[in-house]
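Each chain, written out:
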Amino acid sequence: ASAGPVRLRVLDVLGREVAVLATGQRQPGAHTARLDASVLAAGLYLVVLDADGTRLSRTITIAR
């Protein structure tokens with residue numbers, strides 16, 4: 001692993017970016033990011049991580 005650009009963002013079901021949790025250069029290793037879900041409406045969201053030429057995504061559900 002090597003240092004490189006990272007972008008962690010949250011998208012709504014229409015593909016609109018609603019939050020950017022991390023952006024910029026990061027060193028290899030474990031990192032954390034926090035999402036303040038109180039500013040989001042209840043529903044389904046996609047969390048997308050772009051790093052090292054790879055894209056990972058996970059869904060999250062905000063319930064009230």
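Scoring rules and cut-offs
- Residues numbered from 1 in each chain as written.
- Predicted model: local features only at pLDDT ≥ 70, side-chain atom pairs only at ≥ 80, totals over all residues.
- Heavy atoms only, no water.
- Helix = DSSP H or I, 4+ residues; strand = E, 2+ residues; numbered from the N terminus.
- Buried < 20%, exposed > 50% of the residue type's maximum accessible area, 1.4 Å probe, protein only.
- Contact = heavy atoms within 4.5 Å.
- Salt bridge = Lys/Arg side-chain N within 4 Å of Asp/Glu carboxyl O.

Draft legend 1. Just the side chain of Arg9, in detail. Along the chain, Arg9 falls in strand E1 (residues 4-11). With a relative accessible area of 16%, Arg9 lands in the buried category. If we ignore the near neighbours within four places in the chain, the residues touching Arg9 are Glu17, Ala19, Val20, Leu21, Leu46, Val47, Val48, Asp50 and Arg55.

Draft legend 2. Summary view of the pattern of salt bridges. Counted by the stated rule, this structure contains five salt bridges. A salt bridge links Arg9 to Glu17, with the nearest nitrogen and oxygen atoms 3.8 Å apart. Of the charged contacts, one joins Arg55 and Asp50 as a salt bridge, the two residues approaching to 2.6 Å between their closest N and O atoms. Residues joined by salt bridges that share partners form a network here, namely Arg7, Arg9, Glu17, Asp50 and Arg55.

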